[in-house]
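This is what each chain is made of:
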Amino acid sequence: MSNTILSLSHITVRYGQMTALRDASIHVDKGEVVCIIGPNGAGKSTMLAAAAGGAPVVSGNIQFNDKAITGVAPEKIARLGISLVPEGRHVFGSLTVEENLQIAGYIQKDSGQAKQDVERVLTYFPRLRERLKFPAGRLSGGEQQMLAIGRALMTRAKLIMVDEPSLGLAPKIIDQIYQILLDIRRTEGLTLLINEQSSSRILKHADRIYVLRGGVIQLEGRAADLADGEAIREAYFGFQHSDARETQQ
Ligand SMILES: Nc1ncnc2c1ncn2[C@@H]1O[C@H](COP(=O)(O)OP(=O)(O)OP(=O)(O)O)[C@@H](O)[C@H]1O
Ligand SMILES: [Mg+2]
């Protein structure tokens, strides 16, 4: 068994005439926190969708735990242990926090186990415990993001992919969510693949970074080696841009 949990090799994805990913390769090792950074329309969501079985992959190979999953149905991939928290934190707004968690758990186990897992999720997210009987639609953006991640945890996935967890959230809440994700990684040996539009808050949390632009991987490296942000800015904007420091917060 290799140390790699997920690999996408030479992936090309097309939506009709539109090429969203072009010969793109990434891998994620067990226990790593890997972040894909890229501007609007770079192909970040498409990359996660490809891994989850929900993108029109025209060429390339996808492997999870050394098993080929290219072309495998999304439900089957979910059962193998990959969970996707989509952009926009989809929760059932009219159901309570508790019901949202329970439903996510029922997919693959009995209600006894689901109960235990609700408890497990609530230990990571005390904030959700306070809101347990609230309709999810009345939660703040940060709380809804926590609930969306909590729902992914209910499936006991080995790899959780989170699409833009920071979107629209205050810096303090973003850091809080990352701290919880890192805590879960440490406690459960989870692996995380995260999309973000901006690198500023991510560099300190991620182990490794990919910069994606125009459907092409522009840069790959360890976060520690990219800490000054220079190489990332260049890859992100496609040219040396002295004002980029201010643009990319
Ligand atoms: N279902 C679809 N049908 C047609 N084109 C699509 C579809 N989904 C994405 N695209 C196009 O593919 C390209 C990559 O989109 P994708 O959503 O993967 O980018 P992204 O990096 O996640 O962007 P954002 O930061 O805005 O979320 C874009 O040009 C987008 O318009
Ligand atoms: Mg996206």
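Just so it is clear, the model here is predicted, and its values are computed rather than measured.

*Asks:* Can you walk me through the site of ligand 1 in this structure?
*Replies:* Contacts to ligand 1 come from 14 residues, most closely from Asn40, Gly41, Lys44, Ser45 and Thr46. Measuring from an oxygen atom of ligand 1, one finds a backbone N or O atom of Gly43 at 3.0 Å. A distance of 2.5 Å separates an oxygen atom of ligand 1 from a polar side-chain atom of Thr46. For ligand 1, the accessible surface in isolation is 630 Å², of which the surrounding protein chains cover 62%. Every element with two or more residues in the shell around ligand 1 is listed here: β2 (18-29) and α1 (44-52). Looking at the shell around ligand 1 residue by residue, the classes come out as five nonpolar, six polar and three charged.

*Asks:* I tried to follow the coordination of the magnesium ion (ligand 2) on my own but got confused; where do I start?
*Replies:* When four donors bind a metal tetrahedrally, each ideal donor-metal-donor angle is 109.5 degrees, and when six bind octahedrally, the ideal angles are 90 or 180 degrees. The coordination sphere of the magnesium ion (ligand 2), as far as protein atoms go, consists of Ser45 (OG) and Glu87 (OE), spread over 2.0 to 2.4 Å. Of this pair, Ser45 sits in helix α1 while Glu87 sits in the loop between β6 (82-85) and α3 (97-106), and the two are 42 residues apart along the sequence. Of the residues examined, Ser45 reaches a relative accessible area of 29% and is grouped as partly exposed. The exposure class assigned to Glu87 is partly exposed, which follows from its relative accessible area of 34%.

*Asks:* What is the right way to look at α1 in this model?
*Replies:* An α-helical segment advances 3.6 residues per turn. Residues three or four places apart therefore align on the same side. Along α1, eight of the nine residues are buried, which leaves the element largely enclosed by surrounding structure. Turning to α1, its buried residues are Lys44, Thr46, Met47, Leu48, Ala49, Ala50, Ala51 and Ala52. Taken from the residues just after α1, Gly53 is the one with a positive phi, measuring 85°.

*Asks:* Before we go on, may I ask you to explain the sheet that holds strand β9 (residues 208-213) in this structure?
*Replies:* To summarise the sheet geometry, strands pair through backbone hydrogen bonds and adopt either a parallel or an antiparallel arrangement. Taking strand neighbours across the sheet as the criterion, the six strands line up as β6-β7-β8-β3-β9-β10 in an open arrangement whose pairing is mixed. Each of the sheet's edge strands pairs with one partner strand only, and the pair in question is β6 and β10 (216-222). The average undirected angle you get between the axes of adjacent strands in this sheet is 15°. Bridge analysis of strand β7 (residues 159-163) against strand β8 (residues 191-196) gives five bridges, and the strand direction is parallel. Residue Val162 lies in a different strand from β8, and its bridge partner there is Ile194. Contacting β6 and β7, helix α6 (residues 141-154) runs over the sheet at an angle of about 165° to β6.

Cut-off values and rules
Residues numbered from 1 in each chain as written. Chains lettered and ligands numbered in written order. Predicted model: local features only at pLDDT ≥ 70, side-chain atom pairs only at ≥ 80, totals over all residues. Heavy atoms only, no water. Near = heavy atom within 4 Å. Polar contact = N/O pair within 3.5 Å; in protein donor to acceptor, adjacent residues only side chain to side chain. Areas by Shrake-Rupley, 256 points an atom, 1.4 Å probe, with all protein chains shown as cover. Helix = DSSP H or I, 4+ residues; strand = E, 2+ residues; numbered from the N terminus. Nonpolar A, V, L, I, M, F, W, Y, C, P; charged D, E, K, R; others polar. Donors = N, O, S within 2.8 Å, 3.2 Å for Na, K, Ca; no water. Buried < 20%, exposed > 50% of the residue type's maximum accessible area, 1.4 Å probe, protein only. Pairing = 2+ DSSP bridges. Axes fitted to C-alpha atoms, helices over the stretch in contact; angles between N-to-C directions. Contact = heavy atoms within 4.5 Å.

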